[in-house]
Amino acid sequence: MTSSSDDDTGQSPEATASPYIGAGLLDEDMGPSSAMAHLYRGEIHRMKLWRERLDRTTNWAVIVIAALLTWAFSSPNNPHYIILVGVATLTVFLVIEARRYRGYDIWRSRVRTLQENVWAYGLDPDYGLADDNWRETLGKDYRTPTLKIAAEEAIAHRLRRIYLPLFIVVLAAWIVRITAFAPEPWTETAAIGTIPGPIVVGLVAVFYAAALVVALRPRTWHARGELRTEDLRKR
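These numbers were taken from a predicted model, which means no experiment stands behind them.

> Explanation requested: the packing of aromatic side chains in the structure shown.
In this description, a pair of aromatic rings is defined by centroid distance and the angle of the planes. Considering all chains together, one arrives at five aromatic pairs under this definition. For the pair phenylalanine 207 and tyrosine 208, a centre-to-centre distance of 5.6 Å together with 80° between the ring planes defines the contact as edge-to-face. Put simply, the rings of Phe167, Phe207 and Tyr208 pair up and form one aromatic cluster. We note arginine 53 situated over the ring of tryptophan 50; from NZ or CZ to the ring centre the distance is 4.6 Å.

In structure tokens, the structure reads:
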């Protein structure tokens, strides 16, 4: 005879998992579980595709810059401004990747909404919902998909993650190229055609100052990037 302290399965409460784990996950109130699961899997797939598009842009940027730097230092007769062409090329890749990042953030924000309000709540409802109006918010986004972050914020994010270090590497290579690899003073070496060297240096300085301001200025981030928080990195 089973003890009264045992549950219906014949196991003691101590031997079973906590009863609220997964209780009510995707039940009747949330709609068909198979539809929700397929929806989540589809959003994960689209987020993955856009993540791969970001990686391809980054890979091409690194390959192009490596090729330009190799050619620039292969001969002292090669012009130094080919490195500045690399800066312009990096800027083009940065703008393209920022546009792709804004698209990627659409799918990532949907995935995070489902994770926070469906899966996390279904596994542990004690903490409640992250957003009580998540159904309405997600429904509006499916009816009219919108970009969640501004172009300037997307550029700042990609600068911090990828492109600012690349820009610094290119700048260092250019400084070495016009100082250590030329017998003339850098004010003469930095010249491009009829543009005097000091003006070229000034334009480069203005460009890099603007990039630093965009990347590092204080802002309220709207991108769903939990990995950006310092608390998570310390754990």
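> I would appreciate a short explanation of the packing of helix 4 (residues 151–179) against helix 6 (residues 197–216) in the present structure.
Two measures define how a pair of helices packs: the angle their axes make with one another and the distance between the axes. Contact geometry of helix 4 with helix 6 gives a least axis separation of 8 Å together with a crossing angle of 145°. Of the two elements, helix 4 crosses helix 6, and the hand of that crossing is left-handed. Here Glu152, Ile155, Ala156, Leu159, Arg160, Leu164, Phe167, Ile168, Val170, Leu171 and Trp174 of helix 4 lie close against helix 6, whose contacting residues are Val200, Val201, Val204, Phe207, Tyr208, Ala211, Leu212, Val214, Ala215 and Leu216. Residues of the contact of helix 4 with helix 6, tallied by class, amount to 19 nonpolar, no polar and two charged.

> Explain the layout of surface pockets to me, please; I cannot follow it from the model alone.
Where empty space is left becomes clear once a probe the size of a water molecule has been rolled over the atoms. Of the voids in this model, the second largest pocket is the one considered here, and its volume is about 150 Å³. Around the second largest pocket, the lining residues are Pro76, Asn78, Pro79, His80, Tyr81, Arg177, Phe181, Ala182, Glu184, Glu188, Thr189 and Ala191.

> Honestly, the pattern of salt bridges in this entry has me stumped. Any pointers?
Where side chains of opposite charge bring their charged atoms close, a pairing between them can arise. One pass over the full model with this rule turns up 12 salt bridges. For aspartate 141, the salt bridge is made with arginine 110, and the minimal N-O distance between the two is 2.6 Å. Pair noted here: aspartate 141 is in helix 3 (residues 134–143) and arginine 110 is in helix 2 (residues 81–123), with a separation of 31 residues, a long-range link. Owing to a relative accessible area of 2%, arginine 110 belongs among the buried residues under this scheme. For the salt bridge of lysine 140 with glutamate 136, the shortest nitrogen-to-oxygen distance reads 3.2 Å. With a gap of four residues between them, lysine 140 and glutamate 136 both fall in helix 3, about one helical turn apart.

> I keep staring at the nonpolar core and nothing clicks. Help me out?
A general tendency of soluble globular proteins is for nonpolar side chains to be buried together. In this structure, Ile83, Leu90, Tyr163, Phe167, Val170 and Trp174 are the most contacted members of the largest nonpolar core, which totals 26 residues. Elements that contribute at least two residues to this core include exactly helix 1 (33–72), helix 2, helix 4 and helix 6. Excluding its chain neighbours within four sequence positions, the residues that come into contact with tyrosine 163 are Thr57, Thr58, Ala61, Leu90, Phe93, Leu94, Glu97 and Arg158. Ile106, Val118, Ile149 and Ala223 belong to the second-largest nonpolar core, a separate cluster that totals 17 residues.

> How should I be thinking about the packing of helix 2 against helix 3 in this particular structure?
It is at 11 Å that the axes of helix 2 and helix 3 come closest, and there the two elements cross at 155°. In terms of their interaxial angle, helix 2 and helix 3 are classed as roughly antiparallel. Helix-helix and strand crossings are classified by hand; for helix 2 and helix 3 the assignment is left-handed. Facing helix 2, whose interface residues are Ile106, Arg110, Thr113, Leu114, Asn117 and Val118, helix 3 presents Trp134, Leu138, Asp141 and Tyr142. Its residues placed into classes, the contact of helix 2 with helix 3 shows six nonpolar, two polar and two charged.

> When you look at helix 2 in this model, what are you seeing that I'm missing?
With 43 residues, helix 2 should cover 63 Å at 1.5 Å per step; its first-to-last C-alpha distance of 58 Å lies within 8% of that length. The axis of helix 2 is deflected most strongly, by about 35°, at glutamine 115.

> Where do I start with the environment of arginine 135 in this structure?
Considering the arrangement of structural elements, one finds arginine 135 in helix 3. Looking at arginine 135, the relative accessible area reads 45%, which means it is partly exposed. On a C-alpha basis, the gap between arginine 135 and leucine 114 in space is 9.4 Å, while along the polypeptide they are 21 residues apart.

> What is the right way to look at the confidence of the model for the chain in this model?
Regions with low pLDDT should not have their predicted coordinates read in detail. Overall, the prediction assigns the chain a mean pLDDT of 81, with 81% of residues at 70 or greater. No element of the chain has a lower mean pLDDT than helix 7 (residues 230–234), which averages 48, and none a higher one than helix 6, which averages 94. For residues 1–7, every residue scores under 50 in pLDDT, and the model assigns this stretch four contacts once sequence neighbours within four places are set aside. Confidence over residues 11–17 falls short of pLDDT 50; this stretch has five contacts with residues more than four positions distant or in other chains.

The rules behind the values
Residues numbered from 1 in each chain as written. Predicted model: local features only at pLDDT ≥ 70, side-chain atom pairs only at ≥ 80, totals over all residues. Heavy atoms only, no water. Phe/Tyr/Trp six-rings, centres within 6.5 Å; stacked < 30°, edge-to-face > 60°. Lys NZ or Arg CZ within 6 Å of the ring centre and 35° of its normal. Axes fitted to C-alpha atoms, helices over the stretch in contact; angles between N-to-C directions. Helix = DSSP H or I, 4+ residues; strand = E, 2+ residues; numbered from the N terminus. Left-handed = near helix turned anticlockwise from the far one by under 90°. Contact = heavy atoms within 4.5 Å. Nonpolar A, V, L, I, M, F, W, Y, C, P; charged D, E, K, R; others polar. 1 Å grid on protein atoms, 1.4 Å probe; cavity = no way out; pocket = protein on both sides within 12 Å on 5 of 7 lines; lining within 4 Å. Points joined across faces, edges and corners; volume = space filled by probe spheres on them. Salt bridge = Lys/Arg side-chain N within 4 Å of Asp/Glu carboxyl O. Buried < 20%, exposed > 50% of the residue type's maximum accessible area, 1.4 Å probe, protein only. Core = buried A, V, L, I, M, F, W, Y, C linked by side-chain atoms within 4.5 Å. Parallel < 35°, antiparallel > 145°, perpendicular 65-115°, else oblique. Expected span 1.5 Å × (residues − 1). Bend = angle between axes of the 7 residues up to and from the residue. pLDDT = per-residue confidence, 0-100.

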